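These are the residues of each chain, in order.
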Amino acid sequence: MSTQDLDNIMAAVPLPAIAIDQWDVIIAANADAATLINPNMVGRNYVTMLRQPALLDTIEATLQDGKSRRSRYFSNDGGQGTTFDVSCRVMPNSTKGSEAVLLCFSDISLLQQAGQMRRDFVANVSHELRTPLTALIGFIETLRGPARNDPKATDKFLNIMQGEGERMNRLVGDLLSLSRVEGDERVRPTTQIELIEHLDSIMRTMGPLAQDAQVALELDCDVAKVEMTADADQLTQVFTNLIENAIKYGGSGKRVVLRVRASERDAVLRTKGVCVQVIDYGPGIDPVHLPRLTERFYRADDHRSRALGGTGLGLAIVKHIINRHRGRLRVESELGQGATFTVLMPIDSFLAV
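Since the structure is predicted, the reported quantities are computational estimates derived from the model, not experimental observations.

Hey, could you run me through the nonpolar core in this one?
Across soluble globular proteins, you tend to see nonpolar side chains buried next to one another. Counting 48 residues, the largest nonpolar core has F239 and L242 as the members making the most contacts within it. Once residues within four sequence positions are removed from consideration, L242 is found in contact with V278, L315, V318, F341 and V343. By size, the runner-up hydrophobic cluster in this structure holds 21 residues, among which are L36, Y73, V86 and C88.

What should I look at first to understand unusual backbone geometry in this one?
Trans peptide bonds make up most of the peptide bonds, and negative phi angles are found at most residues other than glycine. The phi angle at Q214 is positive, at roughly 60 degrees, despite the residue not being glycine. For F297, which is not glycine, the phi torsion reads 70 degrees and is therefore positive. As for its position among the elements, F297 is in the loop between β10 (271–280) and α9 (302–307).

I tried to follow the pairing of strand β2 (residues 26–29) on my own but got confused; where do I start?
Within a regular strand, the side chains alternate between the two sheet faces. The pairing of strand β1 (residues 17–21) with β2 spans three bridges and is antiparallel. Across the sheet, residue A19 finds its bridge partner in β2, namely A28.

Whenever I open this one, the pattern of salt bridges confuses me. Can you help?
Oppositely charged side chains can form a pair if their charged atoms are brought close together. Using the criterion set out here, one finds 15 salt bridges in the structure. The shortest N-O distance in the salt bridge between R261 and D220 comes to 3.1 Å. Taken together, the residues span a long stretch of sequence, with R261 in strand β9 (residues 255–266) and D220 in strand β7 (residues 216–221) at a distance of 41 residues. For R261, a relative accessible area of 30% corresponds to the partly exposed category. The class of D220 is partly exposed, set by a relative accessible area of 27%. The network of salt bridges with common partners includes D220, D222, R259 and R261.

I'm lost on the packing of aromatic side chains in this one. Help?
Given two aromatic rings, one states the distance between the centres and the angle between the planes to describe the pair. Taken as a whole and judged by the stated rule, the model has four aromatic pairs. Ring centres 6.4 Å apart and planes at 50 degrees place the aromatic pair Y73 and F84 in the tilted group. Of this pair, Y73 sits in strand β3 (residues 69–76) while F84 sits in strand β4 (residues 81–93), placing them eleven residues apart in sequence. Each member of the pair, Y73 as well as F84, carries the same accessibility label: buried. A connected cluster of aromatic rings, assembled from ring pairs, spans Y73, F84 and F105.

Before we go on, may I ask you to explain the packing of helix α7 (residues 195–212) against helix α8 (residues 232–250) in this structure?
Angle between the axes and distance between the axes are the two parameters that describe a pair of packed helices. The N-to-C vectors of α7 and α8 enclose an angle of 40 degrees; their axes lie 10 Å apart at closest approach. Classified by the angle between their axes, α7 and α8 sit oblique to one another. Regarding α7 and α8, the two cross each other, and that crossing is right-handed. Residues L195, H198, L199, I202, M203, M206, L209 and A210 of α7 touch α8, and the partners they reach there are A232, L235, T236, F239, T240, I243, E244 and I247.

Can you help me understand the sheet that holds strand β6 (residues 192–194) in this one?
Strand pairing in a sheet relies on backbone hydrogen bonds, with the paired strands running either antiparallel or parallel. Read from one edge to the other, the open sheet built from three strands follows the order β6-β8-β13, with strand pairing classed as antiparallel. Two strands close off the open sheet at either side, each with one partner strand: β6 and β13 (349–352). In this sheet, adjacent strand axes meet at a mean angle of 10 degrees when their direction is disregarded. One ladder, built from four bridges, connects strand β8 (residues 223–229) with β13; its direction is antiparallel. Following the sheet pairing, E227 is matched in β13 by S349. Here α7 sits on the sheet and contacts β6 and β8; the angle it forms with β8, its principal contact strand, is near 105 degrees.

Any chance you could explain the sheet that holds β7 here in plain terms?
Read across the open sheet, the five strands follow the order β7-β9-β10-β12-β11; overall the sheet is mixed. Sheet topology places β7 and β11 (328–333) at the edges, where each strand pairs with a single neighbour. Across the sheet, the axes of successive neighbouring strands diverge by a mean angle of 15 degrees, strand direction being ignored. Across eight bridges, the pairing between β10 and strand β12 (residues 339–346) is antiparallel.

Reading the values: the criteria
Residues numbered from 1 in each chain as written. Predicted model: local features only at pLDDT ≥ 70, side-chain atom pairs only at ≥ 80, totals over all residues. Heavy atoms only, no water. Core = buried A, V, L, I, M, F, W, Y, C linked by side-chain atoms within 4.5 Å. Buried < 20%, exposed > 50% of the residue type's maximum accessible area, 1.4 Å probe, protein only. Contact = heavy atoms within 4.5 Å. Helix = DSSP H or I, 4+ residues; strand = E, 2+ residues; numbered from the N terminus. Pairing = 2+ DSSP bridges. Salt bridge = Lys/Arg side-chain N within 4 Å of Asp/Glu carboxyl O. Phe/Tyr/Trp six-rings, centres within 6.5 Å; stacked < 30°, edge-to-face > 60°. Axes fitted to C-alpha atoms, helices over the stretch in contact; angles between N-to-C directions. Parallel < 35°, antiparallel > 145°, perpendicular 65-115°, else oblique. Left-handed = near helix turned anticlockwise from the far one by under 90°.

Okay, here's the thing in structure tokens:
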């Protein structure tokens, strides 16, 4: 194999790749490898270029016995680190009458991030379930022991146990809901619905909750009718969640407004769209929390959220449903100025008031 043939083969490899001969010299590298490691690596000793002990040991072993191996290479350009899976395989090097080792670098950072997300998710679920379970076990032991013949304590503990059981039930329900919406996220809805009528029904359903919290619910529309392709049940879940949050966390403002506006061409969606805003006038949310509000189990006020029955999954579910409808979710808030949750979605047609 000539040097030109080797260079042509390396250039055709769709991953960063370098070739090392038995004299420990890098004899070829493609453009991706040059960008990743060093533009002037060809002709130099691989030890001075790669410098990571685990990878160096792998290359040395493959050079000695010719067996294929895998290792890791870690890169950091000053921003986010990148992890590469490195395949080490022997290839012919007839220009020097010997064999060479071919290294191919495959970026596995996203796979590692997905794995870390799964581990974090399991850890969070375990933590969320452990707290009510521990409480239930403790109260059961108390009722079997010191409080066995104390009716007043029994009633008190049973009420707490019921609350903890309901909390676990909400968490399991939200986990199942999240699993379903994630599974359906790439499947576009096919049902035609009329949005204004749908929102009006949701507002009536949320009326008793608002009345109990002494919050006025207002519907502000500049359109009489909005036709769109959507999953009616999922949109009910979205706006029920947002309105309920506004009542619970922004209820001190005594007012929650559902504002609906439609346009022939929304600047964000670049098509005909509807903007639905859930606005409260409560204490607001510290802007530092806004980028993470839709993360699973993230709470801006952990203690208050738990006290109000939140599972930390509601906005994650909302985000996935809106994604399924090719929409956008935007959150704006300042401390003391209330909060506005904006849902943008493409529509088929609308009729102005």
